[in-house]
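Chains, contacts and geometry: an overview
The primary structure of each chain is shown beneath.
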Amino acid sequence: MVRGARQPQQPRSRLAPRLTGTVEKPPRKRKSRTEFALKEIMSSGGAEDDIPQGERKTVTDFCYLLDKSKQLFNGLRDLPQYGQKQWQSYFGRTFDVYTKLWKFQQQHRQVLDNRYGLKRWQIGEIASKIGQLYYHYYLRTSETSYLNEAFSFYSAIRQRSYYSQVNKEDRPELVVKKLRYYARFIVVCLLLNKMDVVKDLVKELSDEIEDYTHRFNTEDQVEWNLVLQEVAAFIEADPVMILNDDNTIVITSNRLAETGAPLLEQGMIVGQLSLADALIIGNCNNQVKFSELTVDMFRMLQALEREPMNLASQMNKPGMQESADKPTRRENPHKYLLYKPTFSQLYTFLAASFKELPANSVLLIYLSATGVFPTGRSDSEGPYDFGGVLTNSNRDIINGDAIHKRNQSHKEMHCLHPGDLYPFTRKPLFIIVDSSNSVAYKVVHGSQDLVL
């Protein structure tokens, strides 16, 4: 049984207050879209005056909650992608409304079925939105527990066959919703290392795509087939599988287990510095990826996380019932995942992380990118004379040679040079460069806080 959408507890003190009491009413002076839709729906079921007042109010409240939830969800795309505080109150309000909507449709299912004509795919769409909220909350906070919550809602959609009737309707946009649900579910399962589920989902997605393209003959057939190719290549490349002593296959995880913390080396002192923020950047040409997550990014983000825990069991542990106003320690360092960013985007996120880095904390930069080499000999050997790594130029690049030929007279502008990182060495910085030109970053020196 799917639980109500539980609002994340950790940042609760910084979220807006919960909506309490009865459902808010739309303004009386003007008719909302909800009221027009309500009249249209109820008129199909008989005379409007024959509908009991209680049932009329149930449908009105549901329509208002549904309309409000869509407005808030669509507003998420307008939130800034960087910064760790600006988005929290809006996410809190969105979680609250979806919590009310999910519980409301559970409590009044019969009335909504009879008077509103609620369909199962509409229930699945609500559950899918809640799963997306938890997944994006994971991306914003790096707390892996929210992946389990996303998985529970996505899994319930599949188990209860909420989208099973979509294929019987002659509406291709509904089938696309179903295909996108599968793609999102696969991403969550990959992050949770549930490879058996991933393989089942890929097979089901393949069948759904074949049926979709056969029925509607749409132009996006190539794109959906590319999705299948990407996930197949990703599964083949990762994760690492080993054989146990009893010859059973075990999928290894790069995450830190609760009992698997490595021992400190002799002479190390606990508490001097802690990793608080990380930028994981992927910009290699022709690299295995799924969605906007390359294999390199996937492995690195897991190396910076602890194994996910169930939120309910976590809150029931001793010491977890503390006041919501008391600040809690972040379990995992905050991360930004940047797939093929431009130089401006990379620098913006880097500056945001630098600004919000707490005291006695380290900022990690992981660069997995194509190398950019100097075009000729230089009289000096400064931090801009050894090349660097490529950033996205918002145009197709066939190969590195084409870049160098166009830029023989000046420095490559779509390149992160070692000197570009100098301003950020004012705080502790840890850099990992996975590139054919990683040697260029050896020129960055002179700071005891910098590790290459």
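Before reading further, recall that the structure is shown in the block above.
Small disclaimer: the values here were computed from a predicted structure and weren't measured.

What to know about helix H5 (residues 120-141)
Counting along an α-helix, one turn takes 3.6 residues, and residues three or four places apart therefore face a common direction. For H5, with 22 residues, the first-to-last C-alpha span of 32 Å sits near the 32 Å given by 1.5 Å per residue. Counted residue by residue, H5 has 18 buried out of 22 residues, so it is predominantly covered. Just downstream of H5, Ser142 is the residue with a positive phi angle, here 70°.

Overview of the nonpolar core
Core analysis: the largest hydrophobic core is formed by 81 residues, its most contacted members being Ile186 and Leu191. A total of 13 residues in this core trace back to one element, the largest contributor, which is helix H7 (residues 172-191). Domain assignment of the residues forming this core places at least three in each of domain 1 (53-238) and domain 2 (274-308 + 331-395 + 410-441). Leu279, Leu346, Phe349 and Val433 belong to the second largest nonpolar core, which has 23 residues in total.

Some remarks on a nonpolar patch on the surface
A contiguous nonpolar surface patch, about 320 Å² in accessible area, is contributed by Leu264, Met268 and Val270. Here Leu264 is to be found in the loop between strand E2 (249-251) and strand E3 (274-283).

Regarding the environment of Met300
Position of Met300 among the secondary structure elements: in helix H10 (residues 295-303). Among the residues examined, Met300 registers a relative accessible area of 16% and is labelled buried. Every residue in contact with Met300, bar those within four places of it in the chain, is listed here: Ile280, Tyr366 and Ile432.

Comments concerning the pattern of salt bridges
Two side chains that carry opposite charge are able to pair once their charged atoms sit near each other. Here the structure, examined in full by the defined rule, presents 12 salt bridges. Ionic pairing is found between Arg115 and Glu55, a salt bridge with its closest N-O pair at 2.7 Å. Here Arg115, found in helix H4 (residues 109-116), pairs with Glu55, found in helix H2 (residues 53-75); they are 60 residues apart in sequence, far enough to count as distant. On the basis of relative accessibility, which here comes to 25%, the residue Arg115 falls in the partly exposed class. Of the charged contacts, one joins Glu208 and Lys178 as a salt bridge, the two residues approaching to 2.9 Å between their closest N and O atoms. Here the residue Glu208 occupies a position in helix H8 (residues 195-216), and Lys178 occupies one in helix H7, the gap between them amounting to 30 residues. Taken together, the salt bridges that share partners define one network made up of Glu125, Lys129 and Lys177.

Some words on the sheet that holds strand E8 (residues 371-372)
The 3 strands are arranged E8-E9-E10 in an open sheet whose pairing can be described as antiparallel. One side of each edge strand has no neighbouring strand; the edge strands of this open sheet are E8 and strand E10 (415-416). Where E8 meets strand E9 (residues 388-390), 2 bridges bridge the pair, whose relative direction is antiparallel. The residue of E9 that forms the bridge with Gly371 is Val389.

Overview of the packing of aromatic side chains
The description of two aromatic rings rests on the distance between their centres and on the angle between their planes. With the rule as written, the count across this model stands at 26 aromatic pairs. Judged by centre distance (5.7 Å) and plane angle (45°), the ring pair of Tyr154 and Phe185 falls under tilted. Here Tyr154, found in helix H6 (residues 145-159), pairs with Phe185, found in helix H7; they are 31 residues apart in sequence, far enough to count as distant. Assessed through its relative accessible area of 1%, Tyr154 is described here as buried. An angle of 75° between the planes, with centres 5.1 Å apart, marks the rings of Tyr336 and Phe349 as edge-to-face.

Here's the deal with the layout of surface pockets
Approximately 1,500 Å³ is the volume found for the second largest pocket. Considering the residues around the second largest pocket, the lining is formed by 43 residues, among which Gln81, Tyr135, His136, Leu139 and Glu292 are closest to the centre. Inspection of the lining of the second largest pocket shows a minimum of three residues originating in each of domain 1 (53-238) and domain 2 (274-308 + 331-395 + 410-441).

Quick word on unusual backbone geometry
Unlike most non-glycine residues, Asn193 shows phi in positive territory, near 60°. Mapped onto the secondary structure, Asn193 falls in the loop between H7 and H8. Relative accessible area serves as the criterion here: at 15%, Asn193 is assigned to the buried category. Positive phi outside glycine occurs at Ser291, with the angle close to 60°. Of the residues examined, Ser291 reaches a relative accessible area of 43% and is grouped as partly exposed.

Conventions we followed
Residues numbered from 1 in each chain as written. Predicted model: local features only at pLDDT ≥ 70, side-chain atom pairs only at ≥ 80, totals over all residues. Heavy atoms only, no water. Helix = DSSP H or I, 4+ residues; strand = E, 2+ residues; numbered from the N terminus. Expected span 1.5 Å × (residues − 1). Buried < 20%, exposed > 50% of the residue type's maximum accessible area, 1.4 Å probe, protein only. Core = buried A, V, L, I, M, F, W, Y, C linked by side-chain atoms within 4.5 Å. Domains from an automatic or database assignment. Patch = residues over 30% accessible without salt bridge, like charges linked within 9 Å, V, L, I, M, F, W, Y side chains within 5 Å. Areas by Shrake-Rupley, 256 points an atom, 1.4 Å probe, with all protein chains shown as cover. Salt bridge = Lys/Arg side-chain N within 4 Å of Asp/Glu carboxyl O. Contact = heavy atoms within 4.5 Å. Pairing = 2+ DSSP bridges. Phe/Tyr/Trp six-rings, centres within 6.5 Å; stacked < 30°, edge-to-face > 60°. 1 Å grid on protein atoms, 1.4 Å probe; cavity = no way out; pocket = protein on both sides within 12 Å on 5 of 7 lines; lining within 4 Å. Points joined across faces, edges and corners; volume = space filled by probe spheres on them.

Just geometry here; none of it tells us what the structure is for.
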